[in-house]
Amino acid sequence: MWYAIIGRDAPDSAQARRDARPAHLERIQALVEDGRVLLAGPFPAIDAEDPGPAGFSGSLMVLDFPDLDSATDWAKADPYVSGGVFERVEVKPFKPVLP
């Protein structure tokens, strides 16, 4: 089943995001290779494709897991959590409808 993982960045976490990004992406890439990523990406802090120094305010990942507990455990172990980027993470079941 698909799960939406919504991470909200902690204040002043731009450097922590840059530091943890390689490990964060490597972990997601393993799921990409298994066909378990519907979409993933950050929320720009301003209305711009490239927010520059404004940075990002969080991230959304829609990933396939066998159950909510597995998705939650995966989210809690993300380098953005342990690296202090995400101050809060929400995991919700997600049902793709369109397109």
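Notes on the structure in this doc start here. (Residues numbered from 1 in each chain as written. Predicted model: local features only at pLDDT ≥ 70, side-chain atom pairs only at ≥ 80, totals over all residues. Heavy atoms only, no water.)

### Quick notes on unusual backbone geometry
Thought 1: Looking along the chain, the bond that leaves Leu 98 and enters Pro 99 is cis, with omega of -5°.
Thought 2: Along the polypeptide, Pro 99 turns up in the segment after β4 (86-94).
Thought 3: Of note, Asp 12 is a non-glycine position whose phi angle comes to about 55°, a positive value.
Thought 4: Relative to the elements of secondary structure, Asp 12 occurs in the loop between β1 (2-9) and α1 (14-33).
Thought 5: Take Asp 12: its relative accessible area is 82%, and that puts it in the exposed class. (Helix = DSSP H or I, 4+ residues; strand = E, 2+ residues; numbered from the N terminus. Buried < 20%, exposed > 50% of the residue type's maximum accessible area, 1.4 Å probe, protein only.)

### Side note on the pattern of salt bridges
Thought 1: Evaluated as defined, the whole model comprises three salt bridges.
Thought 2: The residue Arg 17 makes a salt bridge to Asp 9 at a minimum N-O spacing of 2.9 Å. Asp 9 matches Arg 17 in its accessibility class, with the two residues each being buried.
Thought 3: Glu 90 is the partner of Lys 92 in a salt bridge, and the nearest nitrogen-oxygen pair spans 3.6 Å.
Thought 4: With a relative accessible area of 36%, Glu 90 lands in the partly exposed category. (Salt bridge = Lys/Arg side-chain N within 4 Å of Asp/Glu carboxyl O.)

### Quick notes on the packing of aromatic side chains
Thought 1: Enumeration according to the criterion identifies two aromatic pairs in this entry.
Thought 2: Taking the centre distance of 5.8 Å and the plane angle of 50° together, the rings of Phe 65 and Trp 74 count as tilted. Each member of the pair, Phe 65 as well as Trp 74, carries the same accessibility label: buried.
Thought 3: Between Tyr 80 and Phe 86 the ring centres are 5.3 Å apart and the planes differ by 90°, which places this aromatic pair in the edge-to-face class.
Thought 4: The exposure class of Tyr 80 is buried, given its relative accessible area of 2%. (Phe/Tyr/Trp six-rings, centres within 6.5 Å; stacked < 30°, edge-to-face > 60°.)

### Notes on the nonpolar core
Thought 1: In this structure, Ile 5, Met 61, Leu 63, Phe 65, Trp 74 and Val 91 are the most contacted members of the largest nonpolar core, which totals 15 residues.
Thought 2: Mapped by element, the contributors of at least two residues to this core are β1, α1, β3 (56-64), α2 (68-76) and β4.
Thought 3: Those residues in contact with Trp 74, other than ones at most four positions away along the chain, are Ile 5, Arg 27, Ile 28, Leu 31, Met 61, Leu 63 and Phe 65. (Core = buried A, V, L, I, M, F, W, Y, C linked by side-chain atoms within 4.5 Å. Contact = heavy atoms within 4.5 Å.)

### Side note on the environment of Met 1
Thought 1: Mapped onto the elements of the fold, Met 1 is located in the segment before β1.
Thought 2: Residue classification places Met 1 among the exposed positions, given a relative accessible area of 52%.
Thought 3: Sequence separation between Met 1 and Lys 95 is 94 residues, and the spatial gap between their C-alpha atoms is 8.0 Å.
Thought 4: The residues contacting Met 1, other than those within four sequence positions of it, are Leu 63, Asp 64, Phe 65, Pro 93 and Phe 94.

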